[in-house]
Amino acid sequence: MNKEIKIAVAMGGPGSEHKVSIATGQAVLKALLDEGCDAVELVIDTPEVIAPEGVGLVFNTIHGTFGEDGEFQTQLEAQGVSYTGAGAVSSLLAFDKVASKKRFIEKGVPTPASETVDCSAGVQMPQMPLPYVVKPPREGSSVGVHIVHTEEEAKAAMADAAQYGDEVLVEQFVEGKELTVGIVDGEVFPIVHIAPRSGFYDMSNKYPWMTGEGGTDYYCPADLGEELTQTVKDAALAAHRALGVEVYSRVDVLLDSDGNPYVLEANTIPGMTESSLLPKAAKEAGYSFGKLCLKIAEVSLNTPR
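Described in the following lines is the structure provided in the data block. Owing to the predicted nature of the structure, the values given are computational and were not obtained by experimental measurement.

Some thoughts on the state of the cysteines
Point 1. Applying the stated criterion to the full structure yields zero disulfides.
Point 2. Not part of a disulfide, Cys220 finds its nearest cysteine sulfur in Cys293, a span of 17 Å.

Below, the structure is given as structure tokens:
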């Protein structure tokens with residue numbers, strides 16, 4: 001990695017995950033500076049961005065809408081500026097849970113059965129039998145996600161999810177272990193087992209520092225045994241490849257009691273504080289947080305756009 005290249009760490013963004021993205025961006029900025037890089041802060045509040053003059057690489061840490069859906073990548077490409085992570089096309093595909101699920105099915109990647117409900121003319125109810133999971137298809141970090149077991153819960157969940165767009169994704173409820181698998185430059189990192197202390201891995205359990213409630217325990221490497229570990233890693237890598245994701249991702253997988261993996265999604269801008277899941281897995285694989293940031297930067301600079 002040429003440390004003379006000026007790196008702007010983009011953080012914040014105009015979406016619902018601004019605060020979380022600032023935390024990620026500050027952590028990455030500090031890591032790059034500690035590694036001797038020429039790195040500067042780029043806080044983004046609006047959906048139109050001009051890269052600072054002299055910047056050779058934008059390290060994208062904007063979670064969710066704008067940063068993870070291909071819009072930011074498209075703007076940077078138009079300006080001729082290199083950036084980290086997935087390209088505009090694969091970012092949009094991975095971010096859209098309806099489109100990515102369709103691709104998973106086409107490529108034989110195991111994923112929960114689903115139904116897409118059109119709520120453009122008002123909230124509609126799905127045909128899928130309870131229990132199921134309700135999700136806005138184009139939001140990140142479990143925004144608007146609900147696990148529902150009753151009709152009353154379902155009505156409230158559909159109304160909430162419909163606030164984020166005309167379509168609502170309804171997925172088969174799979175009970176099992178929540179796992180996530182980091183992939184960087186084709187290397188599959190050790191699996192992280194996510195064990196929420198209550199409920200599921202929602203915003204409060206992901207970010208107790210932000211919500212003041214919830215909490216989660218993490219185990220890496222996940223205690224699955226050699227065969228199951230390989231099965232889960234294979235499913236995650238297949239999902240990563242099916243979406244054509246460049247550089248890196250973190251793939252979320254549910255593992256049921258019979259040992260069947262179900263891929264939920266691939267995150268193309270996963271959390272990147274030192275305590276985030278991708279860095280946890282990278283550390284187990286032998287990468288310090290600083291070295292992980294450097295690797296993402298270096299691979300990104302060598303990735304054609």
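Now that the structure is up, let's keep going.
Here's the deal with the sheet that holds strand E1 (residues 6-12)
Point 1. Strand order in this open sheet of three strands is E2-E1-E3, and the pairing throughout is parallel. Of all the strands in the sheet, just strand E2 (38-44) and strand E3 (57-60) have a single pairing partner and so form its edges. Across the sheet, the mean angle separating the axes of adjacent strands is 30° when strand polarity is ignored.
Point 2. Inspection of the sheet shows E1 paired to E2 by seven bridges, in the parallel sense.

Quick word on the side chain of Glu115
Point 1. Tracing the sequence through the fold places Glu115 in strand E4 (residues 114-118).
Point 2. No salt bridge is formed by the buried Glu115, whose closest oppositely charged neighbour, Lys101, lies at an N-O distance of 12 Å.
Point 3. At a separation of 2.8 Å, a polar atom in the side chain of Glu115 contacts the main-chain amide nitrogen of Gln127.
Point 4. In this structure the side chain of Glu115 is engaged in a polar contact, spanning 2.9 Å, whose partner is the backbone nitrogen of Met128.
Point 5. When residues no more than four places from it in sequence are discounted, the contact partners of Glu115 are Pro126, Gln127, Met128, Val168, Leu169 and Val170.

Observations regarding the pairing of strand E7 (residues 167-172)
Point 1. Direction of pairing for E4 relative to E7: antiparallel, over a ladder of five bridges. Along E7, the bridge assignment pairs Glu115 with Val170.
Point 2. Where strand E5 (residues 132-135) lies against E7, four bridges are found, and the strand directions are antiparallel. When the bridges of E7 are listed, Val134 appears paired with Val170.

Here's the deal with the nonpolar core
Point 1. In terms of nonpolar packing, the biggest core is built from 32 residues, with Leu32, Phe59 and Leu292 touching the most fellow members.
Point 2. If one sorts the elements of this core by residue count, helix H10 (residues 289-301) sits on top with seven residues.
Point 3. Residue contacts for Leu292: discarding those within four places in its chain leaves Val184, Phe189, Met272, Leu278, Pro279, Ala282 and Tyr287.
Point 4. Ranked by size, the runner-up nonpolar core spans 24 residues in total, among them Ala94, Val181, Val232 and Ala266.

Procedures and definitions
- Residues numbered from 1 in each chain as written.
- Predicted model: local features only at pLDDT ≥ 70, side-chain atom pairs only at ≥ 80, totals over all residues.
- Heavy atoms only, no water.
- Disulfide = S-S within 2.5 Å.
- Pairing = 2+ DSSP bridges.
- Helix = DSSP H or I, 4+ residues; strand = E, 2+ residues; numbered from the N terminus.
- Axes fitted to C-alpha atoms, helices over the stretch in contact; angles between N-to-C directions.
- Buried < 20%, exposed > 50% of the residue type's maximum accessible area, 1.4 Å probe, protein only.
- Lys, Arg positive; Asp, Glu negative; His and termini not counted.
- Salt bridge = Lys/Arg side-chain N within 4 Å of Asp/Glu carboxyl O.
- Polar contact = N/O pair within 3.5 Å; in protein donor to acceptor, adjacent residues only side chain to side chain.
- Contact = heavy atoms within 4.5 Å.
- Core = buried A, V, L, I, M, F, W, Y, C linked by side-chain atoms within 4.5 Å.

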